[in-house]
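Summary of structural features
Here is what each chain is made of, one letter per residue.
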Amino acid sequence: MNMMPIRETKASKAPPPASATILALEPKRAALLSRLKMHVGAVAMQVVPPAVVIAILFVVWEVLCRKAGATLPPPSKVIKDTWELIVDPFFDRGGIDKGLFWHLSASLQRVALGYALASVAGVALGTLVGQSTWAMRGLDPIFQVLRTVPPLAWLPLSLAAFRDGPPAAIFVIFITAIWPIIINTAVGIRNIPQDYRNVAAVLRLNHAEFFLKVMVPAAAPYIFTGLRIGIGLSWLAIVAAEMLTGGVGIGFFIWDAWNSSHISEIILALFYVGLIGFFLDRMVAAIATFVTHGTAAN
């Protein structure tokens, strides 16, 4: 029996009509535009309100400080007086005559060292106090008394001990930042669920394994809360300490500008201090979110 080949008709080879292609593309384009609008709206909700408030504050500041008898310069005069510092923060003419970058860099280096030492010692002591009842009874009253001492009250003692300004400033940072880290770490360790401890006992974890696999993950949100408080206090302490210890640093820059009656330079320095403090806080918060998978408070 001969089989006749079935010929393809022209209709089977014809491409789909243009209207069908347009209908297929329109939902994808609409979805893309919808996602884009959502992202733009989310960014606008974060950016527009503070931008509007800042603009209003600048206008009010400009109006009030342009009046006769105003003791503070308006924003326009601040920008004019500090334009060289703004456009060239990297100049170095020797000694303390440096751009703001070098002053901020010196302060950040001291903060990094003092804060790192406070973080290591604070987590270790907080773990000891939180894990041991005897350590809590012996050390906690001492910590509660010492943490109420103002940071700058430690400066004369540290200057007497180290005989130099930079080490004394680092010690002030250390002694300022360590207390919230100790207290929050101890609270986190004490709040570890008993079920976790029971599982660790069943698995016969040694002290190092229990610390790394149970204690640190469970107490991480509390630890990072202390670390965030500590970084903010560190930045506050270094600015105050450098005003008294001298040398290169943003605190000394502010004090030197005050002695020279350069109010505009003080305002510019405070602007940078605020920005860097905000950046340091958000940096620790981002690390906390990554490590704790979003369980740390933001």
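Read on for a plain summary of the structure. All of these numbers come straight from a predicted model, not from anything done at the bench. (Residues numbered from 1 in each chain as written. Predicted model: local features only at pLDDT ≥ 70, side-chain atom pairs only at ≥ 80, totals over all residues. Heavy atoms only, no water.)

1. Digging into the pattern of salt bridges
We count it as follows: Salt bridges, as used here, are contacts in which a Lys or Arg side-chain nitrogen is within 4 Å of a carboxyl oxygen on Asp or Glu. Each residue gets one of three labels from its accessible area relative to the maximum for its type: buried under 20%, exposed over 50%, partly exposed in between, using a 1.4 Å probe on protein chains only.
Inspection of the entire model under this criterion finds eight salt bridges. Measuring nitrogen to oxygen at the nearest pair gives 2.8 Å for the salt bridge that ties Arg 93 to Glu 84. A relative accessible area of 47% places Glu 84 in the partly exposed class. Each member of the salt-bridge network shares a partner with another, and the members are Glu 84, Arg 93 and Asp 97.

2. Some words on helix α8 (residues 165–190)
Keep this limit in mind: Numbering of helices and strands starts at the N terminus; helices are DSSP runs of H or I of at least 4 residues and strands are runs of E of at least 2. A helix is expected to reach a length of 1.5 Å times the quantity of its residues less one. To get the bend at any residue, fit one axis to the seven residues that end at it and another to the seven that begin at it, then take the angle between the two axes.
Taking 1.5 Å as the rise per residue, α8 with 26 residues should run 38 Å; its terminal C-alpha atoms sit 38 Å apart, in good agreement. The largest bend in α8 is about 30°, located at Ile 178, with the proline Pro 180 one to four residues further on.

3. Considering the packing of aromatic side chains
What counts, and what does not: Ring geometry is summarised as follows: Phe, Tyr and Trp rings, the Trp one being its six-membered ring, pair when their centres sit within 6.5 Å, and such pairs are stacked at plane angles under 30 degrees, edge-to-face over 60 and tilted between the two. In this analysis the charged atom, NZ for Lys or CZ for Arg, is taken to sit over a ring once it is within 6 Å of the ring centre and within 35 degrees of the ring normal.
Enumeration according to the criterion identifies seven aromatic pairs in this entry. Taken together, a centroid distance of 5.6 Å and an interplanar angle of 45° make the contact between Phe 58 and Trp 61 tilted. On the criterion of helical spacing, the pair formed by Phe 58 and Trp 61 is a turn pair, its members being three residues apart in helix α2 (residues 18–65). By relative accessible area, Trp 61 is classed as partly exposed at 23%. Ring pairs connect the aromatic residues Phe 90, Phe 101 and Trp 102, which therefore count as one cluster. We note Arg 93 situated over the ring of Phe 91; from NZ or CZ to the ring centre the distance is 4.3 Å. Lying over the aromatic face of Trp 134, Arg 137 brings its terminal NZ or CZ to 5.7 Å of the ring centre.

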